[in-house]
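# Structural features, examined
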Amino acid sequence: MLIIGCSGASGIARNIAKKIECRFSQICSNKFPDGESYVRLMANARNEDVVLVQSFYGEINDKLIEVIFAGYTAMDLGAKKVTLIATYFPYMRQDNRFNSGEAISTEIVAKLMNGCFDRIVILDPHLHRKKKLSDLYEIDALKITAYPLIADYIKRNFMKDNPVIIGPDEESYKWAQTTAEQIGCEYSILEKKRHDARNVEVKFKKKISLKGRNVIIVDDMMSTGHTVIETIKKLKALKVKSIKCICIHGIFIEDALKKIKSYGVEVIASNSIPNPVGKIDVSWIVATRMQ
Ligand code: R5P
(Lines give C-alpha, C1' and ligand atoms only; values in the text may rest on other atoms or scores of the structure.)
Protein backbone atom coordinates (compact mmCIF):
# COMPACT_ATOMS: atom_id res chain seq x y z
CA MET A 1 0.00 0.00 0.00
CA LEU A 2 1.22 3.50 -0.80
CA ILE A 3 -0.17 6.21 1.51
CA ILE A 4 -0.15 9.70 0.03
CA GLY A 5 -0.63 12.67 2.33
CA CYS A 6 -2.62 15.49 0.75
CA SER A 7 -2.35 19.14 1.77
CA GLY A 8 -4.87 18.95 4.63
CA ALA A 9 -3.72 15.72 6.24
CA SER A 10 -0.01 15.13 5.75
CA GLY A 11 0.64 14.62 9.50
CA ILE A 12 -2.14 12.09 9.98
CA ALA A 13 -1.23 10.33 6.72
CA ARG A 14 2.35 9.93 7.93
CA ASN A 15 1.12 8.49 11.25
CA ILE A 16 -1.17 6.04 9.48
CA ALA A 17 1.68 4.90 7.20
CA LYS A 18 3.93 4.42 10.22
CA LYS A 19 1.29 2.43 12.09
CA ILE A 20 0.59 0.05 9.23
CA GLU A 21 4.22 0.05 8.11
CA CYS A 22 3.76 0.99 4.50
CA ARG A 23 5.25 3.46 2.08
CA PHE A 24 4.46 7.15 2.52
CA SER A 25 4.66 9.98 0.07
CA GLN A 26 3.48 13.54 0.09
CA ILE A 27 1.53 15.13 -2.70
CA CYS A 28 2.93 18.20 -4.40
CA SER A 29 0.14 20.70 -4.82
CA ASN A 30 0.50 24.28 -5.80
CA LYS A 31 -1.23 27.17 -7.48
CA PHE A 32 -0.50 28.64 -10.90
CA PRO A 33 -0.35 32.46 -10.87
CA ASP A 34 -3.95 32.67 -12.16
CA GLY A 35 -5.26 30.52 -9.30
CA GLU A 36 -5.55 27.20 -11.15
CA SER A 37 -4.46 24.14 -9.18
CA TYR A 38 -1.32 22.13 -9.93
CA VAL A 39 -1.05 18.59 -8.58
CA ARG A 40 1.79 16.08 -8.89
CA LEU A 41 2.18 12.60 -7.39
CA MET A 42 5.71 12.25 -6.08
CA ALA A 43 5.81 8.42 -5.90
CA ASN A 44 5.31 5.83 -8.60
CA ALA A 45 1.63 4.77 -8.52
CA ARG A 46 1.88 1.96 -11.09
CA ASN A 47 0.46 -1.32 -9.78
CA GLU A 48 0.14 0.21 -6.31
CA ASP A 49 -2.77 0.16 -3.90
CA VAL A 50 -2.82 3.96 -3.59
CA VAL A 51 -4.46 5.59 -0.57
CA LEU A 52 -4.87 9.37 -0.54
CA VAL A 53 -5.49 10.95 2.86
CA GLN A 54 -7.16 14.34 3.01
CA SER A 55 -9.01 16.55 5.50
CA PHE A 56 -11.29 19.09 3.88
CA TYR A 57 -11.13 22.27 5.95
CA GLY A 58 -10.18 25.85 5.11
CA GLU A 59 -9.86 26.12 1.33
CA ILE A 60 -12.33 23.25 0.89
CA ASN A 61 -12.85 23.60 -2.85
CA ASP A 62 -9.09 23.66 -3.52
CA LYS A 63 -8.74 20.51 -1.42
CA LEU A 64 -11.52 18.84 -3.42
CA ILE A 65 -9.88 19.70 -6.73
CA GLU A 66 -6.58 18.42 -5.34
CA VAL A 67 -7.99 14.94 -4.58
CA ILE A 68 -9.94 14.82 -7.85
CA PHE A 69 -6.76 15.57 -9.82
CA ALA A 70 -4.69 13.17 -7.68
CA GLY A 71 -7.26 10.34 -7.84
CA TYR A 72 -7.58 10.56 -11.61
CA THR A 73 -3.82 10.77 -12.00
CA ALA A 74 -3.18 7.69 -9.86
CA MET A 75 -5.69 5.73 -11.99
CA ASP A 76 -4.20 7.13 -15.19
CA LEU A 77 -0.72 6.07 -14.08
CA GLY A 78 -1.85 2.48 -13.60
CA ALA A 79 -2.60 2.20 -9.87
CA LYS A 80 -4.25 -1.13 -8.97
CA LYS A 81 -6.73 0.53 -6.67
CA VAL A 82 -7.25 4.13 -5.54
CA THR A 83 -8.79 4.95 -2.15
CA LEU A 84 -9.62 8.28 -0.56
CA ILE A 85 -9.54 8.47 3.23
CA ALA A 86 -11.21 11.65 4.48
CA THR A 87 -10.65 12.40 8.15
CA TYR A 88 -13.17 15.19 7.61
CA PHE A 89 -15.38 15.20 4.51
CA PRO A 90 -17.24 18.35 3.46
CA TYR A 91 -20.58 19.22 1.86
CA MET A 92 -22.45 16.67 3.97
CA ARG A 93 -24.99 19.09 5.42
CA GLN A 94 -26.62 20.31 2.17
CA ASP A 95 -28.18 16.89 1.59
CA ASN A 96 -31.51 18.22 0.43
CA ARG A 97 -33.04 20.99 -1.68
CA PHE A 98 -34.35 23.17 1.15
CA ASN A 99 -35.25 26.02 -1.24
CA SER A 100 -36.09 25.75 -4.91
CA GLY A 101 -33.12 25.82 -7.25
CA GLU A 102 -30.54 24.82 -4.64
CA ALA A 103 -27.72 22.45 -5.53
CA ILE A 104 -27.79 19.27 -3.45
CA SER A 105 -24.06 19.47 -2.90
CA THR A 106 -23.81 16.23 -0.87
CA GLU A 107 -24.98 14.24 -3.92
CA ILE A 108 -22.96 16.17 -6.48
CA VAL A 109 -19.71 15.79 -4.53
CA ALA A 110 -20.42 12.05 -4.11
CA LYS A 111 -20.81 11.74 -7.90
CA LEU A 112 -17.47 13.47 -8.41
CA MET A 113 -15.80 11.02 -5.99
CA ASN A 114 -17.42 8.06 -7.78
CA GLY A 115 -15.53 9.13 -10.89
CA CYS A 116 -12.03 9.19 -9.50
CA PHE A 117 -11.80 6.59 -6.72
CA ASP A 118 -12.45 2.88 -6.29
CA ARG A 119 -13.16 3.32 -2.62
CA ILE A 120 -13.85 6.08 -0.11
CA VAL A 121 -13.43 5.90 3.66
CA ILE A 122 -14.93 8.76 5.68
CA LEU A 123 -14.39 9.40 9.37
CA ASP A 124 -17.68 10.38 11.02
CA PRO A 125 -19.51 11.73 7.98
CA HIS A 126 -22.41 14.02 8.91
CA LEU A 127 -25.11 11.66 7.64
CA HIS A 128 -28.54 13.03 8.39
CA ARG A 129 -31.31 12.68 5.82
CA LYS A 130 -29.15 10.24 3.83
CA LYS A 131 -28.75 7.46 6.34
CA LYS A 132 -25.91 5.47 4.77
CA LEU A 133 -22.95 6.26 2.52
CA SER A 134 -24.25 3.62 0.12
CA ASP A 135 -27.31 5.89 -0.43
CA LEU A 136 -24.86 8.36 -1.96
CA TYR A 137 -21.96 6.41 -3.42
CA GLU A 138 -21.68 3.84 -6.20
CA ILE A 139 -18.11 2.98 -5.22
CA ASP A 140 -17.20 1.01 -2.12
CA ALA A 141 -17.87 3.49 0.72
CA LEU A 142 -16.94 2.86 4.35
CA LYS A 143 -17.92 4.97 7.33
CA ILE A 144 -15.63 4.83 10.33
CA THR A 145 -16.20 6.53 13.65
CA ALA A 146 -14.04 8.05 16.36
CA TYR A 147 -16.70 8.00 19.09
CA PRO A 148 -14.96 5.10 20.91
CA LEU A 149 -11.98 7.45 21.24
CA ILE A 150 -14.20 10.14 22.78
CA ALA A 151 -15.67 7.57 25.16
CA ASP A 152 -12.18 6.42 26.07
CA TYR A 153 -10.99 10.02 26.60
CA ILE A 154 -13.90 10.72 28.95
CA LYS A 155 -13.30 7.45 30.81
CA ARG A 156 -9.63 8.22 31.34
CA ASN A 157 -10.04 11.88 32.29
CA PHE A 158 -13.50 12.73 33.61
CA MET A 159 -15.24 9.65 35.04
CA LYS A 160 -14.45 10.67 38.61
CA ASP A 161 -16.75 13.71 38.02
CA ASN A 162 -19.77 11.44 37.38
CA PRO A 163 -20.52 13.39 34.18
CA VAL A 164 -23.78 13.81 32.29
CA ILE A 165 -23.46 13.78 28.49
CA ILE A 166 -25.45 16.35 26.54
CA GLY A 167 -26.09 16.17 22.78
CA PRO A 168 -27.06 19.63 21.52
CA ASP A 169 -29.41 18.41 18.77
CA GLU A 170 -31.09 15.31 17.36
CA GLU A 171 -28.27 14.78 14.88
CA SER A 172 -25.76 14.53 17.74
CA TYR A 173 -27.52 11.58 19.37
CA LYS A 174 -25.38 9.15 17.36
CA TRP A 175 -22.27 10.49 19.06
CA ALA A 176 -23.65 11.70 22.41
CA GLN A 177 -25.95 8.78 23.17
CA THR A 178 -23.55 6.11 21.96
CA THR A 179 -20.69 7.63 23.93
CA ALA A 180 -22.84 7.85 27.09
CA GLU A 181 -24.03 4.28 26.70
CA GLN A 182 -20.51 3.02 26.17
CA ILE A 183 -19.18 4.61 29.35
CA GLY A 184 -22.38 4.04 31.31
CA CYS A 185 -23.47 7.54 32.24
CA GLU A 186 -26.62 9.61 31.99
CA TYR A 187 -27.36 11.63 28.88
CA SER A 188 -29.88 14.01 27.42
CA ILE A 189 -30.38 15.14 23.81
CA LEU A 190 -31.62 18.67 23.12
CA GLU A 191 -33.79 19.97 20.31
CA LYS A 192 -32.31 22.52 17.93
CA LYS A 193 -33.92 24.97 15.56
CA ARG A 194 -31.52 26.49 13.05
CA HIS A 195 -32.69 29.82 11.64
CA ASP A 196 -29.51 30.31 9.61
CA ALA A 197 -25.80 29.44 9.74
CA ARG A 198 -25.17 31.80 12.66
CA ASN A 199 -28.50 31.73 14.46
CA VAL A 200 -29.67 28.66 16.35
CA GLU A 201 -32.00 27.96 19.26
CA VAL A 202 -31.72 24.92 21.50
CA LYS A 203 -34.07 23.65 24.19
CA PHE A 204 -34.47 20.67 26.48
CA LYS A 205 -37.20 18.27 25.38
CA LYS A 206 -38.18 17.65 28.99
CA LYS A 207 -37.41 19.20 32.36
CA ILE A 208 -34.14 17.93 33.75
CA SER A 209 -32.24 18.74 36.91
CA LEU A 210 -28.56 19.35 36.26
CA LYS A 211 -27.82 21.61 39.20
CA GLY A 212 -24.30 20.99 40.51
CA ARG A 213 -23.56 18.37 37.83
CA ASN A 214 -20.48 18.13 35.62
CA VAL A 215 -21.68 18.22 32.06
CA ILE A 216 -19.94 17.17 28.85
CA ILE A 217 -21.42 18.37 25.55
CA VAL A 218 -20.65 15.87 22.77
CA ASP A 219 -21.21 16.68 19.10
CA ASP A 220 -19.76 15.54 15.80
CA MET A 221 -18.51 19.00 14.85
CA MET A 222 -18.12 22.56 16.05
CA SER A 223 -18.07 25.08 13.24
CA THR A 224 -19.20 28.64 14.07
CA GLY A 225 -19.67 27.43 17.66
CA HIS A 226 -23.22 28.82 17.90
CA THR A 227 -24.80 25.42 18.60
CA VAL A 228 -22.50 24.75 21.51
CA ILE A 229 -22.66 28.32 22.82
CA GLU A 230 -26.48 28.28 22.94
CA THR A 231 -26.26 24.92 24.73
CA ILE A 232 -23.76 26.33 27.24
CA LYS A 233 -26.14 29.24 27.98
CA LYS A 234 -29.00 26.82 28.68
CA LEU A 235 -26.78 24.68 30.93
CA LYS A 236 -25.52 27.69 32.87
CA ALA A 237 -29.10 28.74 33.51
CA LEU A 238 -29.58 25.31 35.12
CA LYS A 239 -26.63 26.02 37.45
CA VAL A 240 -24.42 23.13 36.40
CA LYS A 241 -21.05 22.84 38.17
CA SER A 242 -18.79 22.56 35.12
CA ILE A 243 -19.04 22.25 31.33
CA LYS A 244 -16.72 20.56 28.87
CA CYS A 245 -17.29 20.34 25.12
CA ILE A 246 -15.94 17.48 23.01
CA CYS A 247 -16.28 17.03 19.26
CA ILE A 248 -14.70 14.98 16.54
CA HIS A 249 -14.36 17.64 13.86
CA GLY A 250 -13.06 20.95 15.26
CA ILE A 251 -13.70 23.27 12.32
CA PHE A 252 -13.74 26.38 14.55
CA ILE A 253 -14.37 29.12 12.00
CA GLU A 254 -14.74 32.83 12.81
CA ASP A 255 -12.83 32.62 16.10
CA ALA A 256 -15.26 29.99 17.36
CA LEU A 257 -12.77 28.38 19.73
CA LYS A 258 -12.06 31.69 21.46
CA LYS A 259 -15.78 32.48 21.66
CA ILE A 260 -16.64 29.08 23.17
CA LYS A 261 -13.78 29.26 25.67
CA SER A 262 -14.90 32.74 26.76
CA TYR A 263 -17.75 30.97 28.60
CA GLY A 264 -15.16 29.36 30.86
CA VAL A 265 -15.52 25.87 29.41
CA GLU A 266 -12.87 23.35 28.36
CA VAL A 267 -12.93 22.38 24.68
CA ILE A 268 -11.50 19.14 23.31
CA ALA A 269 -11.52 17.90 19.72
CA SER A 270 -9.91 15.18 17.67
CA ASN A 271 -7.16 15.91 15.16
CA SER A 272 -9.37 14.96 12.16
CA ILE A 273 -8.87 18.65 11.31
CA PRO A 274 -5.66 20.24 12.64
CA ASN A 275 -6.67 22.52 15.54
CA PRO A 276 -5.19 23.79 18.84
CA VAL A 277 -7.35 21.50 21.03
CA GLY A 278 -6.98 18.38 18.87
CA LYS A 279 -5.99 16.09 21.74
CA ILE A 280 -7.72 12.94 20.47
CA ASP A 281 -5.58 11.26 17.82
CA VAL A 282 -7.68 9.52 15.16
CA SER A 283 -4.81 8.08 13.12
CA TRP A 284 -4.83 4.80 15.04
CA ILE A 285 -8.54 4.16 14.42
CA VAL A 286 -8.10 4.94 10.71
CA ALA A 287 -5.00 2.76 10.47
CA THR A 288 -6.78 -0.15 12.16
CA ARG A 289 -9.60 -0.02 9.60
CA MET A 290 -7.12 0.09 6.69
CA GLN A 291 -5.45 -3.23 7.50
C1 R5P B 1 -25.23 19.92 13.07
O2 R5P B 1 -26.22 19.33 13.00
C3 R5P B 1 -23.98 19.44 13.74
O4 R5P B 1 -24.15 18.31 14.51
C5 R5P B 1 -23.38 20.55 14.57
O6 R5P B 1 -24.16 20.76 15.72
C7 R5P B 1 -23.30 21.84 13.80
O8 R5P B 1 -22.86 21.64 12.51
C9 R5P B 1 -22.39 22.81 14.52
O10 R5P B 1 -22.35 23.99 13.78
P11 R5P B 1 -22.10 25.38 14.48
O12 R5P B 1 -20.90 25.23 15.36
O13 R5P B 1 -21.85 26.32 13.32
O14 R5P B 1 -23.33 25.74 15.23
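Look up: the structure comes first, before these words.
Residues numbered from 1 in each chain as written. Predicted model: local features only at pLDDT ≥ 70, side-chain atom pairs only at ≥ 80, totals over all residues. Heavy atoms only, no water.

### Regarding the sheet that holds strand β8 (residues 140–144)
- Ordered by their spatial adjacency, six strands build an open sheet running β2-β1-β5-β6-β7-β8, and the pairing between neighbours is parallel. Here the strands that pair on one side only, and so sit at the sheet edges, are β2 (23–26) and β8. Adjacent strand axes in the sheet meet at a mean angle of 20 degrees, parallel and antiparallel pairs treated alike.
- Pairing analysis gives four bridges linking strand β1 (residues 2–5) to strand β5 (residues 49–55), with the strands arranged parallel. Residue pairing in the sheet places Leu 2 in a bridge with Val 50 of β5.
- Contacts from helix α1 (residues 10–19) reach β1, β2, β5 and β6 (81–88) within the one sheet, and its direction differs from that of β2 by about 165 degrees.
- Across the sheet, helix α8 (residues 283–290) is in contact with β5, β6, β7 (119–123) and β8; its angle to β8 comes to roughly 140 degrees. (Pairing = 2+ DSSP bridges. Helix = DSSP H or I, 4+ residues; strand = E, 2+ residues; numbered from the N terminus. Axes fitted to C-alpha atoms, helices over the stretch in contact; angles between N-to-C directions. Contact = heavy atoms within 4.5 Å.)

### Structural notes on the pairing of β6
- Most of β6 sits out of view: seven of its eight residues are buried.
- Inspection of the sheet shows β5 paired to β6 by seven bridges, in the parallel sense. Bridge pairing in β6 places Gln 54 opposite Ala 86.
- After leaving β5, the chain enters helix α2 (residues 60–76) and then returns to the sheet as β6, a path that is right-handed.
- Note: β6 against β7, four bridges, orientation parallel. What sits directly across from Thr 83, in β7, is Arg 119. (Buried < 20%, exposed > 50% of the residue type's maximum accessible area, 1.4 Å probe, protein only. Right-handed = clockwise from strand over helix to strand, strands pointing away.)

### A short note on the state of the cysteines
- This structure, assessed with the given rule, holds zero disulfides.
- With no disulfide of its own, Cys 6 lies 11 Å from the sulfur of Cys 116, the closest cysteine sulfur.
- Between Cys 185, a cysteine without a disulfide, and Cys 245, which holds the nearest cysteine sulfur, the sulfur-to-sulfur distance is 15 Å.
- Residue classification places Cys 185 among the buried positions, given a relative accessible area of 14%. (Disulfide = S-S within 2.5 Å.)

### Notes on the packing of helix α4 (residues 147–158) against helix α5 (residues 173–183)
- Contact geometry of α4 with α5 gives a least axis separation of 9 Å together with a crossing angle of 50 degrees. With respect to each other, α4 and α5 are oriented oblique. The handedness of the crossing between α4 and α5 comes out as right-handed. Residue-level inspection shows Tyr 147, Pro 148, Ile 150, Ala 151, Ile 154 and Lys 155 of α4 in contact with α5, the latter providing Trp 175, Thr 178, Thr 179, Gln 182 and Ile 183.
- In terms of residue class, the contact of α4 with α5 is made up of seven nonpolar, three polar and one charged. (Parallel < 35°, antiparallel > 145°, perpendicular 65-115°, else oblique. Left-handed = near helix turned anticlockwise from the far one by under 90°. Nonpolar A, V, L, I, M, F, W, Y, C, P; charged D, E, K, R; others polar.)

### With respect to the packing of aromatic side chains
- Counted according to the given criterion, the structure contains three aromatic pairs.
- Relative to Tyr 38, the ring of Phe 32 lies with its centre 5.8 Å away and its plane at 90 degrees, an arrangement referred to as edge-to-face.
- On the accessibility criterion, Phe 32 (38% relative accessible area) is partly exposed.
- On the basis of relative accessibility, which here comes to 32%, the residue Tyr 38 falls in the partly exposed class.
- Directly above the aromatic system of Tyr 57 lies the positively charged group of Lys 63, at a separation of 4.2 Å from the ring centroid.
- The ring centre of Phe 158 lies 4.8 Å from the NZ or CZ of Lys 244, which sits over that ring. (Phe/Tyr/Trp six-rings, centres within 6.5 Å; stacked < 30°, edge-to-face > 60°. Lys NZ or Arg CZ within 6 Å of the ring centre and 35° of its normal.)

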